[in-house]
Amino acid sequence: LDLPRDESGERFYSTTTSAKIPNSMLPKSGEAGEPMQWHTLEFDVDHATSGTNLYLTTVSSSSGVKGIFIDNVTIRRRRETPKASNNLRVLYWNIQYGMFCDQHNNYDNFVEFIKNYDPDICVWCEAQSNYKTDSDKPLAPSDRYLDKNWGELAARYGHEYIYTGAHPDGFPQVITSKYPIAGIRRISGSKNDTLVMHGAGWAAVDVAGKHLNIVTLHLAPHQWRPFLHSDAEREASKRRHEGDKWRRCEIQYICEHTILSPSSADSGDLWMMMGDFNSRSRVDNNIYGHEENSTKFLVHDYVVSATPYLDIMNVCHPGEFFSTVQYDCRLDYVYMTPSLAGYVTGASVSRDSYTDPVRDPAGLSNFWRPSDHQPIIVDFRF
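These notes cover the structure that comes with them. (Residues numbered from 1 in each chain as written. Predicted model: local features only at pLDDT ≥ 70, side-chain atom pairs only at ≥ 80, totals over all residues. Heavy atoms only, no water.)

### Concerning the overall build of the chain
Convention followed: Each helix is a run of H or I in the DSSP string that is no shorter than four residues. Each strand is a run of E no shorter than two, and both are numbered from the N terminus. Each residue is assigned to one of three classes by its accessible area relative to the maximum for its type, calculated with a 1.4 Å probe on protein chains only: buried under 20%, partly exposed between the two thresholds, exposed over 50%. Reported accessibility uses the Shrake-Rupley method at a 1.4 Å probe radius. Residues are deemed covered only where the shown protein chains occlude them.
Across its full length, the chain carries 10 helices and 16 strands. Counting all 382 residues of the chain, 45% fall into the buried class. Working note: accessible area of the chain is about 20400 Å², and carbon and sulfur atoms make up 48% of it.

### Section: helix 8 (residues 298-306)
For clarity, the threshold we go by: In this description, the arc belongs to the directions extending from the helix axis to the C-beta atoms. Only heavy atoms matter for contacts: two residues are in contact if any of them lie within 4.5 Å across the pair.
Residues Val299, His300, Tyr302 and Val303 constitute the buried set of helix 8. Taken down its axis, helix 8 places every buried residue within 155 degrees of arc, on the same side. Facing away from the buried side of helix 8 by over 90 degrees, the exposed positions are Val304 and Ser305. Packed against the buried residues of helix 8 are helix 6 (242-256), strand 10 (271-276) and strand 12 (332-336).

### Considering the packing of aromatic side chains
Worth spelling out the cut-off: For this analysis, a ring pair means two rings from Phe, Tyr or Trp (six-membered ring only for Trp) whose centres lie within 6.5 Å, classed as stacked if their planes differ by under 30 degrees, edge-to-face if by over 60, and tilted for the remaining angles.
Following the criterion strictly, the structure yields 23 aromatic pairs and no others. Plain terms: the ring middles of Phe113 and Tyr354 are 5.5 Å apart, the flat faces sit at 35 degrees to each other, and that makes the pair tilted. Here Phe113 is found in helix 3 (residues 108-117), whereas its partner Tyr354 is found in the loop between strand 13 (344-349) and strand 14 (358-359), with 241 residues between them in sequence. On the numbers, 6.0 Å between centres and 10 degrees between planes, the contact of Trp124 with Trp150 is stacked.

### Quick notes on the sheet that holds strand 16 (residues 376-381)
Within a sheet, adjacent strands bond to each other through the backbone by hydrogen bonds, running parallel or antiparallel. The criterion, for reference: Only when DSSP finds a minimum of two bridges between them are two strands counted as paired. The convention used is that axes are lines fitted to C-alpha atoms, helices contributing only their stretch in contact, and that angles between N-to-C directions extend from 0 to 180 degrees.
In space, the 6 strands of this open sheet follow the order 5-6-4-3-16-13, with mixed pairing throughout. The outermost strands of the open sheet, each flanked by one partner alone, are strand 5 (161-164) and strand 13. Strand-to-strand twist across the sheet, computed as the mean angle between neighbouring axes with direction ignored, equals 15 degrees. Across 5 bridges, the pairing between strand 13 and strand 16 is antiparallel. Residue pairing in the sheet places Val344 in a bridge with Phe380 of strand 16. Together, strand 3 (87-94), strand 4 (121-125) and strand 16 form the strand contacts of helix 3, whose direction differs from that of strand 3 by roughly 150 degrees.

### Observations concerning the nonpolar core
Stated precisely, the cut-off is as follows: In this text, buried Ala, Val, Leu, Ile, Met, Phe, Trp, Tyr and Cys residues form a nonpolar core when linked through side-chain atoms within 4.5 Å.
One finds Met272, Met336, Val378 and Phe380 to be the most contacted residues of the largest nonpolar core, which totals 31 residues. Apart from residues lying up to four places away in sequence, Val378 is in contact with Leu88, Arg89, Val90, Ile312, Val334, Met336, Val344, Gly346 and Ala347. Counting residues in each nonpolar core, the second largest holds 22 residues, with Trp93, Ala127, Trp150 and Tyr354 among its members.

### With respect to helix 6
For an α-helix, the turn length of 3.6 residues means that residues three or four places apart are oriented alike. This is how it is decided: Expected span of a helix, by definition, is 1.5 Å for each gap between consecutive residues, and there is one gap fewer than residues.
Between the first and last C-alpha of helix 6 there are 21 Å, a value that for 15 residues agrees with the 21 Å anticipated at 1.5 Å per step. Among the residues making up helix 6, those that are buried are Glu242, Gly243, Asp244, Arg247, Glu250, Ile251, Tyr253, Ile254 and Cys255. Residues of helix 6 that are buried sit in contact with strand 7 (181-189), strand 8 (195-207), strand 9 (210-218), helix 5 (231-239), strand 10 and helix 8.

### Some thoughts on the side chain of Ser135
The topology assignment puts Ser135 in the loop between strand 4 and helix 4 (150-156). Residue class for Ser135 comes out buried when judged on its relative accessible area of 15%. Each residue touching Ser135, except ones within four places of it in the same chain, is listed here: Phe100, Leu364 and Phe367.

### Observations regarding a nonpolar patch on the surface
As a reminder, the rule being used: Within this analysis, patches are made of residues with over 30% relative accessible area and no salt bridge. Like charges are joined at 9 Å or less; nonpolar side chains (Val, Leu, Ile, Met, Phe, Trp, Tyr) at 5 Å or less. By definition here, a salt bridge exists when the distance from a side-chain nitrogen of Lys or Arg to a carboxyl oxygen of Asp or Glu is within 4 Å.
Together, Leu41, Phe43, Val45, Leu54, Leu56, Ile68, Ile70, Val73 and Ile75 give the surface a local cluster of nonpolar side chains, amounting to about 920 Å² of exposed area. Among the secondary structure elements, Ile75 is positioned in the loop between strand 2 (16-18) and strand 3.

Structure below.
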């Protein structure tokens, strides 16, 4: 059955697509005492992963017994999908407190996940071990496996090269790669101009004769401006939307010290900027329903108006919404210049049996397993 959108009522929400098959398109079976007959349905799914699920059910408001018998389920891979030798895969993920949930397991599940997708370049947010296992008690700096042992951990999934951006408050972004990484600039700012709370970084990787600039960031997380400690101060700051305004200053500072800086002219036109923006994009407002002048859009409005960057998920999936956190919201983004976006063959949010967020069973209020965010995977063909 080839179901066009207007007939099937196909809808996309978060990471789920639903499609209705009208009764008129199915041959009747078993009516008026006739023997039941089997019918065949074939689903052709592009970009399926180990976490892809197909769910069949009846949809009816009428009373009575309804159901579907399913038999002889066959799954075929129509074409092999390994990366070609001229392909590049980039994986970005906020791994929440240095993959807190797997540190007791020697990071074995984490390493297996990475090997399964075989990325060439990884960008990790919150790439530091901050807490003791199954506890919200902070680890002493001397007891933190990450970020000081990323070289050892990355070697287990085949990455030899490591770069860590600025991290003034213990929430670094780390790049690991199969290709040599050249660190260009660590960005943290200062209280005298613009303080980038979690820091940022600018590095470069040369792949297949292409010079790729990679900017990593993690913008401030709260609805109030940082460094306020009393509830009254935070509530007043929240009413003034100072969290959104702070992030707007951070993103401008980061862009002015990377892609908009005078030194960027010598770095070519292949740029990508990715991270946890902790802010919402106007292109997703059909989901959120915010006022058009909402300060929640300040960060992405700046990126769109002041830089050449394109939101690669929106480029690859226009009009579709992809949540990247445990509730329906997109906080993680991969931006690219048009010249680099032209090499992209696919972009997706990986939500499978491993990455789907689950509330920490120990009851720790701010902890999810494996993370409160989902990864973004982008494939290129050079």
